[in-house]
2 protein chains.
Amino acid sequence: MLFELGVRLVEARVVRDDAAAIAEEVDLLRRRHTFVFTSGGVGPTHDDVTVLGVAMAFGCEVVTDDTLAALIRGAHGDAVTPAQLLMARVPSGATMEHAVDVRWPVIAKENVWLLPGVPEVFVKKLAVVRARIPKTAPFLSKAAFVALEESSLKPLLDRVVLAHPLVQVGSYPKWSDARYKTKVTFDGLDASAVDRALEAFAKELAEGELIRVD
Amino acid sequence: MLFELGVRLVEARVVRDDAAAIAEEVDLLRRRHTFVFTSGGVGPTHDDVTVLGVAMAFGCEVVTDDTLAALIRGAHGDAVTPAQLLMARVPSGATMEHAVDVRWPVIAKENVWLLPGVPEVFVKKLAVVRARIPKTAPFLSKAAFVALEESSLKPLLDRVVLAHPLVQVGSYPKWSDARYKTKVTFDGLDASAVDRALEAFAKELAEGELIRVD
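Let me sum up the structure you'll find in this document. This one's a predicted model, so the numbers in the text were calculated from it and none came from an experiment. Counting of residues starts from 1 at the beginning of each chain's written sequence and follows it residue by residue. Here chains are named by letter from A upward and ligands by number from 1 upward, in the order in which they appear as written. For this predicted model, a pLDDT threshold of at least 70 governs which residues receive local features, and a threshold of 80 or more governs which side-chain atom pairs are given and counted, while totals over whole chains, interfaces and linings are taken from all residues. As a rule here, side-chain values come from all non-hydrogen atoms in the structure, and water together with hydrogens is ignored.

## Some thoughts on the side chain of Arg30 of chain B
All names here are of chain B.
Line of reasoning, step 1. In this text, helices come from DSSP runs of H or I with a minimum length of four residues, and strands from runs of E with a minimum of two, each type numbered from the N-terminal end. Residue placement: Arg30 occurs in helix H1 (residues 19-32).
Line of reasoning, step 2. A distance of 3.4 Å separates the side chain of Arg30 from the backbone oxygen of Ala57, its partner in a polar contact.
Line of reasoning, step 3. Every residue in contact with Arg30, bar those within four places of it in the chain, is listed here: Val36, Ala57, Phe58, Glu110, Asn111 and Val112. Any N or O atom pair separated by 3.5 Å or less is treated as a polar contact, with the protein-specific requirement of one donor-capable and one acceptor-capable atom, and with residues adjacent in sequence counted only for side-chain atom pairs. For this analysis, residues touch if any pair of their heavy atoms sits within 4.5 Å.

## Examining unusual backbone geometry
Line of reasoning, step 1. Phi angles above zero are rare outside glycine, and Glu110 of chain A is one such case at about 50°.
Line of reasoning, step 2. With respect to the helices, strands and loops of the structure, Glu110 of chain A is situated in the loop between strand S6 (102-109) and strand S7 (112-115).

## Remarks on helix H3 (residues 66-76) of chain B
Residue and element names in this part refer to chain B.
Line of reasoning, step 1. Categorising residues by exposure relies on relative accessible area from a 1.4 Å probe, with only protein chains included: less than 20% of the type maximum marks a residue as buried, more than 50% marks it as exposed, and the intermediate range marks it as partly exposed. Three or more residues of H3 are buried, namely Leu68, Ala69 and Ile72. Buried residues of H3, viewed axially, fall in a sector of 100°; they line one side. Summarising the geometry of H3, the exposed residues directed more than 90 degrees from the buried face are Asp66 and Gly74.
Line of reasoning, step 2. Those residues of H3 hidden inside the fold are in contact with strand S3 (62-64), helix H4 (82-85), strand S4 (89-91), strand S5 (95-99) and strand S6 (102-109). By definition, the arc is the one covered by directions from the helix axis to the C-beta atoms.

## Focus: the environment of Gly59 of chain A
Line of reasoning, step 1. Structurally, Gly59 of chain A is set in the loop between helix H2 (50-58) and strand S3 (62-64).
Line of reasoning, step 2. For Gly59 of chain A and Ala23 of chain A, which are 36 residues apart along the polypeptide, the C-alpha to C-alpha distance reads 9.3 Å.

## Description of the interface of chain B and chain A
Line of reasoning, step 1. Facing the 33 residues of chain B at the interface are 33 residues of chain A.
Line of reasoning, step 2. Interface area for chain B against chain A, summed over the two sides, is near 2,800 Å², with a carbon-plus-sulfur share of 55%.
Line of reasoning, step 3. Salt bridge, as used here: a side-chain nitrogen of Lys or Arg that lies within 4 Å of a carboxyl oxygen of Asp or Glu. Taken together, the connections running from chain B to chain A amount to four salt bridges.
Line of reasoning, step 4. Close ionic contact of Glu25 of chain B with Arg13 of chain A constitutes a salt bridge, the shortest N to O distance being 3.1 Å.
Line of reasoning, step 5. Between chain B and chain A we count 16 residue pairs in polar contact (both at pLDDT 80 or more) in total.
Line of reasoning, step 6. Listed by contribution, the elements that provide at least two residues to the side of chain B that touches chain A are strand S1 (11-15), H1, H4, helix H5 (119-132), helix H6 (150-163) and strand S9 (168-173) of chain B.
Line of reasoning, step 7. Broken down by element, the residue count for the side of chain B that touches chain A peaks at six residues, all from H6 of chain B.
Line of reasoning, step 8. Under the scheme applied, nonpolar residues are Ala, Val, Leu, Ile, Met, Phe, Trp, Tyr, Cys and Pro; charged residues are Asp, Glu, Lys and Arg; polar residues are all the others, including Gly. Considered class by class, the residues forming the side of chain B that touches chain A number 13 nonpolar, eight polar and twelve charged.
Line of reasoning, step 9. Direction of pairing for strand S1 (residues 11-15) of chain A relative to S1 of chain B: antiparallel, over a ladder of five bridges. Paired with Val14 of chain A across the bridge in S1 of chain B is Ala12 of chain B. Buried area is understood as the total, over both parts, of accessible area removed when two parts are fitted together, assessed with a 1.4 Å probe. Between any two strands, pairing holds if DSSP finds at least two bridges.

## What about the relation of the copies chain B and chain A?
Mapping between the two chain copies consists of a rotation about an axis together with a translation along that axis.
Line of reasoning, step 1. Placing chain B over chain A gives an RMSD of 0.0 Å and needs a rotation angle of 180°, together with 0.0 Å of translation along the axis. Put plainly, the chains are arranged around a two-fold axis. If distances are taken from each C-alpha of chain B to the rotation axis, the shortest is found for Arg13 of chain B, at 2.2 Å. We place the copies in one frame by least squares, fitting the C-alpha atoms of every residue whose pLDDT is at least 70 in both.

## What about the sheet that holds strand S11 (residues 210-213) of chain B?
Residues and elements named next belong to chain B.
Line of reasoning, step 1. Strand order in this open sheet of four strands is S9-S10-S8-S11, and the pairing throughout is antiparallel. Each having just a single partner strand, S9 and S11 make up the two edges of the open sheet. Across this sheet, the average inter-strand angle for adjacent strands is 20°, counted without regard to direction.
Line of reasoning, step 2. Relative to S11, strand S8 (residues 140-146) runs antiparallel, the two being bridged by three bridges. Paired with Phe145 across the bridge in S11 is Arg212.
Line of reasoning, step 3. Axis lines are fitted to C-alpha atoms, over the contacting stretch for helices. Their N-to-C directions set the angle, which ranges from 0 to 180 degrees. Against the sheet, H6 contacts S8, S9 and strand S10 (182-188), and its axis sits at roughly 175° relative to S9.

## Description of the packing of helix H6 (residues 150-163) of chain A against helix H7 (residues 191-202) of chain A
Residue and element names in this part refer to chain A.
Line of reasoning, step 1. Interhelical geometry of H6 versus H7 gives an angle of 150° and a closest axis separation of 10 Å. The angle between the axes of H6 and H7 places the two elements in the roughly antiparallel class. Along this stretch, H6 crosses H7, giving a crossing that reads as right-handed. Listed contacts from H7 to Leu153, Leu156, Leu157 and Val160 of H6 are Ala197, Ala200 and Phe201. Under this scheme an angle from 65 to 115 degrees is roughly perpendicular, one under 35 degrees roughly parallel, and one over 145 degrees roughly antiparallel; angles in between are oblique. Each crossing gets its handedness from the near helix: less than a right angle anticlockwise from the far helix is left-handed, clockwise is right-handed.

This is the structure:
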């Protein structure tokens, strides 16, 4: 999804449920990158420390957000519990990011977006990220599926990489799939450059070696 | 697998195919942790830069390992190509770690173990890790599957966490599984402490709320 939005995914980190460890990573990554997305640790229990970790990364307080608290009260009515209201805590100064047809906002503190860990909810909230982050040119990606081992392709790959500096070429061997042995990817911001790299690669293959292009 | 071996998994990082980026992460993590395991980037193509990245992390050269080169020659005979022999490159001073019934060794440079990225090969080589790393007491883990929402469990969880400091308690909501709503895990090195925490938790649940214990 990020690739389609023109955002290059540079790195990912899995951190334990420890506010200080989360704060250290978030503080480094928020300075290094345009966007940081967290997943998980936003529930009401003792091991949910992402909001605190992000607040520590920014040196700010944890406060209750009125919009979130009202949504939680609206969902539970008079039966609302203190534990449920804990899920209205946000780093001070956070914004609530909304999208049409998504009931619950995403918490964003500057360039750090806090997404939930439960996969079904995470996926729903991606619609908010898609709607709210600034649009840039999407990356284009094509893939060639080849019936040759990676090591046989190396000399050709080296030539294509050298001749097409605007295109990022990836090579991924596959062992258990009888349909192909290597997937070669061509990624870039310039569609014609991507096409030219793919063509330069494909025309050097013998008949039957190129199984398909996606 | 690490948990069973008594090794606590502290963090995981996904790094792009860039030798300098890999070197930076490996250098930090090898100093911080007892073991570091890498996966991927050990093939023969231009985007396989893990061996170089690990060598840079240790400030050492990349050299051809005679044992690996002989194995590669043995597998391919006279048809061996320069690309295939590139897979005999290792950080200088690396050891080849072997296990019974695993044909190809794992490359280890001090406390950094280089595993392949192809899942089928990665899994095979885990047998070498299991055989070769020093045995310590395994972590014990039990899980209670509960028919209550995480927020309803919070007061009980807080009491159990406070009363059982030797046990690490995790709480994982599940949305799409009709059989339970929250999985609560109890992990630790002391089996009786783990059991006591689980019992203290379970005895506070009403009939039908505890679905099963694993």
